[in-house]
Amino acid sequence: MKKLVVASLAMMFALSISATKKAKTIPLQFNPTNGVKASLTMPNGNVVNYTAYTKLYFVTNVEDSTYQYMNIFVPEGASQDAPIFLRTYVGGYMASEAGYPQAQDASGRALAEGYVLAIPGSRGRSSTVTKGKKTIYTGRAPKALLDLKAAIRYLRHFDQLIPGDAEKIITDGTSAGGAMSSLMGATGNNPAYAPLLKAMGAADERDDVFASVCFCPITDLDHADMAYEWLYGNTDSRKSLSTTKQTLTQELASQFPAYLNSLHLKKTDGTPINADNYLDYIKQIIIKSAQEAKDAGADIPDSIGFSFSSEANFQAPVNGGMGKKRPMDMPRMGKKPMGGMPMMMQKRVGEYITDLDMAKYLNYVVNTQPLKSVPAFDSYHVDGAEASAENSEFGNTQGSNVNFTVWSAAKAGTTLSDEVKENARLLNPMNFIGDESTTVAPHWYIRHGARDRDTSFPISVNLATKLQNSGKDVNFKLPWNRPHSGDYSLNELFSWIKSILPAK
Ligand code: DHB
């Protein structure tokens, strides 16, 4: 008898352990009466009143209750028709907890514009849960994206109950968050994610979005190393590296032209982009942004590679000129030269940037902040290097670091598993643009600062160009003098958002 009691107690104990090991199952729910009123004071002193709905779990099989929920904020007066601004705070590919509106960034501004604001949490490379004595990493690739997609599905699932229109979701993020925003925009409804989302207990809904706002997206990770060395490999900073590292730089850089050519990108006038004209393509984008800044009064010095039209001789140095005295017989625009024709049609060419020495410019960029080491992303065990954030992003549930490019894996003496290859594929928006089984967002706003070296210009340039080429509406700039940052020039961002919203 005693034996039987002990045996059944042991069994109950075992059952209760296995129950605690099981993921929590919470049905999806949204209760409109659960809102809490609060307010946010904007930088201009305006107060925005809103109702907060918090801790909204967006999957039924919650594995990590710290992260897998969303907070939603509804500003006073928002109707069912309002756009929904979805801000992810993912950074460094780390886990990100559902947050609250910030007056200083795009989240607060979205509320002030009368948009419904959604801030989902998401698991990341750093998030863990404990099962028994084991630590399980819950957020390795592509888990953060899956959480964000589940949040989008939740917004659609409860679209009738939550104010705002789930057909007007605008995603926004910076850096790794910019990558996540680009992925939400580029992978809508792709079937490869469906079984993973189903297993998590995400709502059975579409997960495409209306617009994607990407600040300095750290993405296309499988080609980021080659692009980095192709762009920066000839800078003075790379020349001071050891010969071993310089060889790595050259090997990586030499892989980029074939990749670029494989994209078959085109300029807006239809001219094919290839490795021969690509640097000039980037140069024109930088000149455009510098010119825009100059027109707004910025001081663009020629010492960093810019050439100005001869008229610059007569411009004040603050406008990029030399400040020389204009000869009497050289008229300004609109003035009649002595005895000559009026000059109305002539441009004041001195205000124009005519060229940019890219070698000089790239040296300037890397002099403002040191480059990443070689390789910049898939570094783990390559020439003895440490693991990067990205190596841990592709690691497993035990917290390993792994290589995710064939080249680095070979240098490290390993190969890529099929699982890692698939995870890298699922985490790269470039793979889904133009794909027939994917609903790519129709509107894009992409920014990568003109002196941001966290990843190289080609990453954003290629993303924007591929989207443009596939017929999407793309607003893209390499904003002048911007380092690695996001949610800036909010007037520009929000007037763009207004321009893409259907007329009322
Ligand atoms: C971030 C920055 C990086 O340089 C990087 O490699 C990955 C992520 C970030 O700020 O999110």
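Residues numbered from 1 in each chain as written. Predicted model: local features only at pLDDT ≥ 70, side-chain atom pairs only at ≥ 80, totals over all residues. Heavy atoms only, no water.

**Q** Looking at this model, I keep getting lost on the pairing of strand 3 (residues 47-57). Mind explaining?
**A** One face of the sheet, then the other: side chains in a regular strand alternate in exactly this way. When strand 2 (residues 36-41) meets strand 3, the two strands line up antiparallel, connected through six bridges. What sits directly across from Ser39, in strand 3, is Asn49. Between strand 2 and the antiparallel strand that follows it, strand 3, lie five residues; Gly45 among them carries a positive phi value of about 95 degrees. Note: strand 3 against strand 5 (residues 69-75), six bridges, orientation antiparallel. (Pairing = 2+ DSSP bridges. Helix = DSSP H or I, 4+ residues; strand = E, 2+ residues; numbered from the N terminus.)

**Q** Quick question: what am I supposed to make of the confidence of the model for the protein here?
**A** Atom-level detail of predicted coordinates should not be read off regions where pLDDT is low. Averaged over all residues, the pLDDT of the protein equals 91, while 88% of them reach at least 70. Across residues 1-21 the pLDDT falls below 50, and counting only partners more than four positions away or on other chains, this stretch makes one contact in the model. This stretch, residues 333-337, has a pLDDT under 50; its non-local contacts, to residues over four places away or in other chains, come to 12 contacts. (pLDDT = per-residue confidence, 0-100. Contact = heavy atoms within 4.5 Å.)

**Q** Quick question: what am I supposed to make of the side chain of Arg140 here?
**A** Considering the arrangement of structural elements, one finds Arg140 in the loop between strand 9 (134-137) and helix 3 (143-157). Not counting residues up to four positions away in its chain, the partners in contact with Arg140 are Gly124, Arg125, Ser392, Glu393, Gly395, Asn396, Gly399 and Ser400.

**Q** Just to check I follow, could you spell out the packing of helix 6 (residues 221-232) against helix 14 (residues 457-469) for this structure?
**A** The geometry of a pair of packed helices is captured by two quantities: the angle between their axes and the separation between those axes. As a packed pair, helix 6 and helix 14 sit with axes 8 Å apart at the nearest point and diverge in direction by 115 degrees. Facing helix 6, whose interface residues are His223, Ala224, Ala227, Leu231 and Tyr232, helix 14 presents Phe457, Pro458 and Ile459. Residue composition of the contact of helix 6 with helix 14, grouped by class: seven nonpolar, one polar and no charged. (Axes fitted to C-alpha atoms, helices over the stretch in contact; angles between N-to-C directions. Nonpolar A, V, L, I, M, F, W, Y, C, P; charged D, E, K, R; others polar.)

**Q** Explain helix 13 (residues 418-426) to me, please; I cannot follow it from the model alone.
**A** Given 3.6 residues to a turn, an α-helix orients residues that are three or four positions apart in the same direction. Burial in helix 13 covers these residues: Val420, Asn423, Ala424 and Leu426. Taken around the axis of helix 13, the buried residues stretch over an arc of 165 degrees, which confines them to a single face. Looking at the buried side of helix 13, the elements it contacts are helix 3, helix 4 (176-186), helix 5 (194-200) and helix 6. (Buried < 20%, exposed > 50% of the residue type's maximum accessible area, 1.4 Å probe, protein only. Arc of directions from axis to C-beta.)

**Q** It is not clear to me how the pairing of strand 9 should be interpreted in this structure. Could you clarify?
**A** In the sheet, strand 8 (residues 128-131) pairs with strand 9 via four bridges, with the strands oriented antiparallel. Residue pairing for strand 9: Thr128 is matched across the bridge by Tyr137. The turn joining strand 8 and strand 9, which pair antiparallel and follow one another in sequence, is formed by two residues; a positive phi near 60 degrees is taken by Gly132.

**Q** What's the story with the packing of aromatic side chains in this structure? I'm lost.
**A** When we look at a pair of aromatic rings, we describe it by the centre distance and by the angle of the planes. Overall, the coordinates contain 24 aromatic pairs when judged by the stated rule. Note on Phe30 and Tyr53: the rings are 5.0 Å apart at their centroids and 50 degrees apart in plane angle, and the pair reads as tilted. In this pair, Phe30 is assigned in the loop between strand 1 (24-25) and strand 2 and Tyr53 in strand 3, connecting sequence segments 23 residues apart. By the burial criterion, Phe30 is buried, and Tyr53 matches it. (Phe/Tyr/Trp six-rings, centres within 6.5 Å; stacked < 30°, edge-to-face > 60°.)

**Q** Would you explain the side chain of Asp208 in this entry?
**A** Considering the arrangement of structural elements, one finds Asp208 in the loop between helix 5 and strand 11 (211-215). Given a relative accessible area of 8%, Asp208 falls into the buried group. Within the local environment of Asp208, its side chain forms a polar contact with the side chain of Asn189, the two groups lying 3.0 Å apart. In this view, Asp208 contacts Ile152, Arg156, Gly188, Asn189 and Thr439; residues no more than four positions away in its chain are not counted. (Polar contact = N/O pair within 3.5 Å; in protein donor to acceptor, adjacent residues only side chain to side chain.)

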